[in-house]
Amino acid sequence: MINRVILVGRLTRDPELRYTSSGVAVATFTLAVNRNFTNQQGERQADFINCVVWRRPAENVANYLRKGSLMGVDGRLQTRSYEDQTGRRVFVTEVVAESVQFLEPKNANPSDFPFDQNHSNQSRTSLDDDPFGNDGQPIDISDDDLPF
(Lines give C-alpha, C1' and ligand atoms only; values in the text may rest on other atoms or scores of the structure.)
Protein backbone atom coordinates (compact mmCIF):
# COMPACT_ATOMS: atom_id res chain seq x y z
CA MET A 1 0.00 0.00 0.00
CA ILE A 2 1.17 3.53 -0.71
CA ASN A 3 0.26 6.56 1.36
CA ARG A 4 2.57 9.41 0.37
CA VAL A 5 1.94 13.17 0.36
CA ILE A 6 4.35 15.85 -0.85
CA LEU A 7 3.39 19.50 -0.40
CA VAL A 8 4.98 22.89 -0.95
CA GLY A 9 3.16 25.87 0.48
CA ARG A 10 3.14 28.78 2.89
CA LEU A 11 2.19 28.71 6.54
CA THR A 12 -1.17 30.37 7.20
CA ARG A 13 -0.20 31.18 10.81
CA ASP A 14 2.68 30.54 13.20
CA PRO A 15 3.09 26.83 14.03
CA GLU A 16 1.63 25.74 17.37
CA LEU A 17 4.06 23.72 19.53
CA ARG A 18 2.83 21.51 22.37
CA TYR A 19 4.25 18.64 24.38
CA THR A 20 2.57 15.36 25.24
CA SER A 21 2.34 14.24 28.86
CA SER A 22 5.47 12.15 28.25
CA GLY A 23 7.38 15.20 26.93
CA VAL A 24 7.26 14.50 23.18
CA ALA A 25 7.12 17.67 21.05
CA VAL A 26 4.31 18.00 18.50
CA ALA A 27 3.71 20.97 16.20
CA THR A 28 0.58 21.63 14.19
CA PHE A 29 0.30 24.03 11.28
CA THR A 30 -1.72 24.73 8.16
CA LEU A 31 -0.17 25.05 4.71
CA ALA A 32 -1.76 27.08 1.92
CA VAL A 33 -0.97 25.19 -1.29
CA ASN A 34 -1.83 26.83 -4.60
CA ARG A 35 -3.81 24.83 -7.12
CA ASN A 36 -2.32 24.43 -10.60
CA PHE A 37 -5.37 25.85 -12.36
CA THR A 38 -7.60 28.92 -12.18
CA ASN A 39 -11.33 29.17 -11.57
CA GLN A 40 -13.84 30.60 -14.07
CA GLN A 41 -12.92 34.15 -13.01
CA GLY A 42 -9.23 33.48 -13.79
CA GLU A 43 -8.23 33.49 -10.12
CA ARG A 44 -5.92 30.91 -8.63
CA GLN A 45 -7.26 29.19 -5.53
CA ALA A 46 -5.47 27.42 -2.70
CA ASP A 47 -6.10 24.40 -0.51
CA PHE A 48 -5.53 24.78 3.22
CA ILE A 49 -4.04 21.56 4.52
CA ASN A 50 -3.61 20.72 8.20
CA CYS A 51 -0.28 19.13 9.09
CA VAL A 52 1.35 17.70 12.21
CA VAL A 53 5.03 16.96 12.87
CA TRP A 54 6.60 15.23 15.88
CA ARG A 55 9.75 15.36 18.02
CA ARG A 56 12.82 17.43 17.05
CA PRO A 57 11.46 18.52 13.64
CA ALA A 58 8.41 19.88 15.49
CA GLU A 59 10.64 22.06 17.65
CA ASN A 60 12.58 23.24 14.59
CA VAL A 61 9.39 24.17 12.73
CA ALA A 62 8.09 26.11 15.74
CA ASN A 63 11.41 27.87 16.37
CA TYR A 64 12.34 28.87 12.83
CA LEU A 65 9.17 29.24 10.75
CA ARG A 66 6.49 31.90 10.93
CA LYS A 67 3.27 32.81 9.18
CA GLY A 68 4.02 33.15 5.45
CA SER A 69 7.14 30.95 5.49
CA LEU A 70 7.58 28.73 2.46
CA MET A 71 8.13 25.09 3.35
CA GLY A 72 8.03 21.60 1.92
CA VAL A 73 6.40 18.64 3.65
CA ASP A 74 6.86 14.97 2.87
CA GLY A 75 4.60 12.64 4.82
CA ARG A 76 1.47 10.55 4.88
CA LEU A 77 -2.26 11.23 5.04
CA GLN A 78 -3.94 10.21 8.28
CA THR A 79 -7.52 10.27 9.53
CA ARG A 80 -8.63 10.10 13.13
CA SER A 81 -11.72 10.83 15.15
CA TYR A 82 -12.64 11.97 18.64
CA GLU A 83 -15.70 13.02 20.62
CA ASP A 84 -16.09 16.75 21.22
CA GLN A 85 -17.53 18.31 24.39
CA THR A 86 -21.09 17.79 23.16
CA GLY A 87 -20.50 14.07 22.57
CA ARG A 88 -20.52 14.43 18.79
CA ARG A 89 -17.98 12.39 16.77
CA VAL A 90 -15.49 14.67 14.94
CA PHE A 91 -13.36 13.35 12.07
CA VAL A 92 -9.98 14.91 11.27
CA THR A 93 -7.83 14.40 8.16
CA GLU A 94 -4.26 15.69 8.31
CA VAL A 95 -0.79 15.15 6.89
CA VAL A 96 1.68 13.60 9.32
CA ALA A 97 5.01 15.04 8.23
CA GLU A 98 7.92 12.65 8.15
CA SER A 99 10.25 15.27 6.69
CA VAL A 100 10.04 19.07 6.49
CA GLN A 101 12.14 21.39 4.37
CA PHE A 102 12.65 25.10 5.01
CA LEU A 103 12.54 26.67 1.54
CA GLU A 104 13.59 30.23 2.40
CA PRO A 105 16.60 31.66 4.19
CA LYS A 106 16.39 32.08 7.97
CA ASN A 107 14.60 35.30 9.02
CA ALA A 108 13.33 35.85 5.48
CA ASN A 109 10.35 38.10 5.05
CA PRO A 110 7.86 36.47 2.63
CA SER A 111 7.34 39.84 0.96
CA ASP A 112 11.04 39.74 -0.01
CA PHE A 113 10.22 36.82 -2.30
CA PRO A 114 7.74 37.97 -4.94
CA PHE A 115 5.41 35.08 -5.61
CA ASP A 116 3.54 35.55 -8.84
CA GLN A 117 1.00 32.76 -8.77
CA ASN A 118 0.68 32.76 -12.54
CA HIS A 119 4.43 32.45 -13.11
CA SER A 120 5.67 30.52 -10.07
CA ASN A 121 8.32 28.69 -12.10
CA GLN A 122 9.79 31.91 -13.48
CA SER A 123 13.54 32.19 -13.00
CA ARG A 124 14.80 34.92 -10.69
CA THR A 125 18.12 35.32 -12.47
CA SER A 126 18.78 37.17 -15.67
CA LEU A 127 20.86 35.97 -18.58
CA ASP A 128 23.72 38.23 -17.42
CA ASP A 129 23.84 36.34 -14.10
CA ASP A 130 23.91 32.94 -15.81
CA PRO A 131 27.49 31.68 -16.18
CA PHE A 132 26.25 29.24 -18.83
CA GLY A 133 24.29 31.87 -20.77
CA ASN A 134 25.30 32.23 -24.40
CA ASP A 135 23.29 35.28 -25.45
CA GLY A 136 21.32 33.17 -27.95
CA GLN A 137 24.42 32.10 -29.90
CA PRO A 138 24.93 28.41 -30.76
CA ILE A 139 27.35 26.51 -28.58
CA ASP A 140 30.13 24.69 -30.40
CA ILE A 141 30.62 21.28 -28.79
CA SER A 142 32.44 18.47 -30.53
CA ASP A 143 31.27 14.88 -30.23
CA ASP A 144 34.57 14.09 -28.48
CA ASP A 145 33.55 16.41 -25.59
CA LEU A 146 30.37 14.46 -24.81
CA PRO A 147 30.64 11.85 -22.02
CA PHE A 148 28.39 9.34 -23.79
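All of these numbers come straight from a predicted model, not from anything done at the bench.

Novice: Please set out the pattern of salt bridges residue by residue, giving values where relevant.
Specialist: Per the stated rule, a full pass over the model turns up ten salt bridges. Of the charged contacts, one joins Arg10 and Glu104 as a salt bridge, the two residues approaching to 2.9 Å between their closest N and O atoms. Taken as a pair, Arg10 in strand β1 (residues 5–11) and Glu104 in the segment after β6 (89–102) lie far apart in primary sequence, 94 residues in all. Judged by its relative accessible area of 17%, Arg10 falls in the buried class. Note that Glu94 and Arg80 form a salt bridge whose closest N and O atoms lie 2.8 Å from each other. Here Glu94, found in strand β6, pairs with Arg80, found in strand β5 (residues 70–83); they are 14 residues apart in sequence, far enough to count as distant. Here Glu94 falls in the buried class, since its relative accessible area comes to 9%. Bridged by salt links that share partners, the residues Arg4, Asp74, Arg76 and Glu98 form one connected network.

Novice: Report on the nonpolar core, specifying residues and quantitative values.
Specialist: Judged by nonpolar contacts, the single largest core of 18 residues is most densely connected at Leu7, Phe29, Leu31, Val53, Met71 and Val73. Among the secondary structure elements, those contributing two or more residues to this core are β1, β3 (25–38), β4 (44–54), α1 (55–64), β5 and β6. Counting residues per element, this core draws most heavily on β3, at five residues. Residue contacts for Leu31: discarding those within four places in its chain leaves Leu7, Gly9, Arg10, Leu11, Thr12, Asp47, Phe48, Ile49, Cys51, Met71 and Val73.

Rules used in this analysis
- Residues numbered from 1 in each chain as written.
- Predicted model: local features only at pLDDT ≥ 70, side-chain atom pairs only at ≥ 80, totals over all residues.
- Heavy atoms only, no water.
- Salt bridge = Lys/Arg side-chain N within 4 Å of Asp/Glu carboxyl O.
- Helix = DSSP H or I, 4+ residues; strand = E, 2+ residues; numbered from the N terminus.
- Buried < 20%, exposed > 50% of the residue type's maximum accessible area, 1.4 Å probe, protein only.
- Core = buried A, V, L, I, M, F, W, Y, C linked by side-chain atoms within 4.5 Å.
- Contact = heavy atoms within 4.5 Å.

The values are spatial; any link to function lies outside them.
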